[in-house]
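Given next are the chains, with one letter for each unit.
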Amino acid sequence: MPAITPWEDGAPQFALTDHGRSAACARERLCSVCNTVMPRGAVWRVVGADESAAIADALAAGRPYRNVAPTLEGPGHRACMLYAAMVCPYLARPNARRGLSADGSDELTAHVVRGRARGGAGAVVGFGEYEYAVTPTRVLFRFLDVVEFMPHETADAHLDELRAELARP
Ligand SMILES: [Zn+2]
């Protein structure tokens, strides 16, 4: 169960993001997937095709990358994001069908719609640092300093990497 899924009347509300939980994730450095503390250092997130392409361009040009538009998507552990990239069909898609206006952040819960078409490339990206802003209604994240870039074309692209990650002592 993704940590950012709010509960209501005993049932998870997948389409919503609980502001308090997101704020706690940001302030207490909690993984947005498993809700446990992320160690100091890099954090990971899954990006869609557009952002993946922008990062690839920046890396190729030797420029620092920074997501200009803040996102509602919080960071997570490397293994959690590798996993999320494979089980959530929307994670590797560009921003179609979602966005800030829809109170976004539901990518991690999008596995409920698994089976719908999944297109385009995306990536699991490690960032050296994140910053956040907690507004009365939203929690916004910005990610800086790409330290790992793992683009994918297919849903199972990260399976071997995830296995290796989980096998670590
Ligand atoms: Zn985690």
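Observations regarding the coordination of the zinc ion
At this site the zinc ion is bound by C31 (SG), C34 (SG), H77 (ND1) and C80 (SG), with donor distances of 2.1 to 2.3 Å. Here the zinc ion binds four donor atoms, and the angle range of 100 to 119° at the metal identifies the geometry as tetrahedral. Summarised as a motif, the one-chain spacing of the donors to the zinc ion is C-x2-C-x42-H-x2-C. Taken together, the residues span a long stretch of sequence, with C34 in the loop between α1 (19–28) and β3 (43–47) and C80 in helix α3 (residues 78–87) at a distance of 46 residues. For C34, a relative accessible area of 34% gives the class partly exposed. C80 gets classed as buried once you look at its relative accessible area, which sits at 14%.

Description of the environment of R21
Along the chain, R21 turns up in helix α1. C-alpha of R21 to C-alpha of V139: the two residues are 118 residues apart in sequence and 9.6 Å apart in space.

Things to note about α1
Where α1 is concerned, the buried positions are S22, A23, C25 and A26. What you see down the axis of α1 is that its buried residues fit within an arc of 155°, all on one side. At the exit of α1 stands R29, carrying a positive phi of roughly 60°.

Quick look at the sheet that holds β3
In space, the three strands of this open sheet follow the order β3-β4-β5, with antiparallel pairing throughout. Two strands bound the open sheet, and with one partner strand each, they are β3 and β5 (139–152). Put simply, the sheet's adjacent strands are angled 40° from each other on average, direction ignored. In this sheet, β5 lies alongside strand β4 (residues 122–134) in antiparallel orientation, the contact comprising 12 bridges. Note on β5: the bridge partner recorded for V124 is M150. Across the sheet, helix α2 (residues 49–61) touches β3, β4 and β5, and the angle it forms with β5 is around 70°. The strands touched by α3 within the sheet are β3, β4 and β5, with β3 carrying the most contacts at an inclination of about 10°.

Reading the values: rules and limits
Residues numbered from 1 in each chain as written. Predicted model: local features only at pLDDT ≥ 70, side-chain atom pairs only at ≥ 80, totals over all residues. Heavy atoms only, no water. Donors = N, O, S within 2.8 Å, 3.2 Å for Na, K, Ca; no water. Tetrahedral: all angles 85-135°; square planar, octahedral: opposite > 155°, others 65-115°. Helix = DSSP H or I, 4+ residues; strand = E, 2+ residues; numbered from the N terminus. Buried < 20%, exposed > 50% of the residue type's maximum accessible area, 1.4 Å probe, protein only. Arc of directions from axis to C-beta. Pairing = 2+ DSSP bridges. Axes fitted to C-alpha atoms, helices over the stretch in contact; angles between N-to-C directions. Contact = heavy atoms within 4.5 Å.

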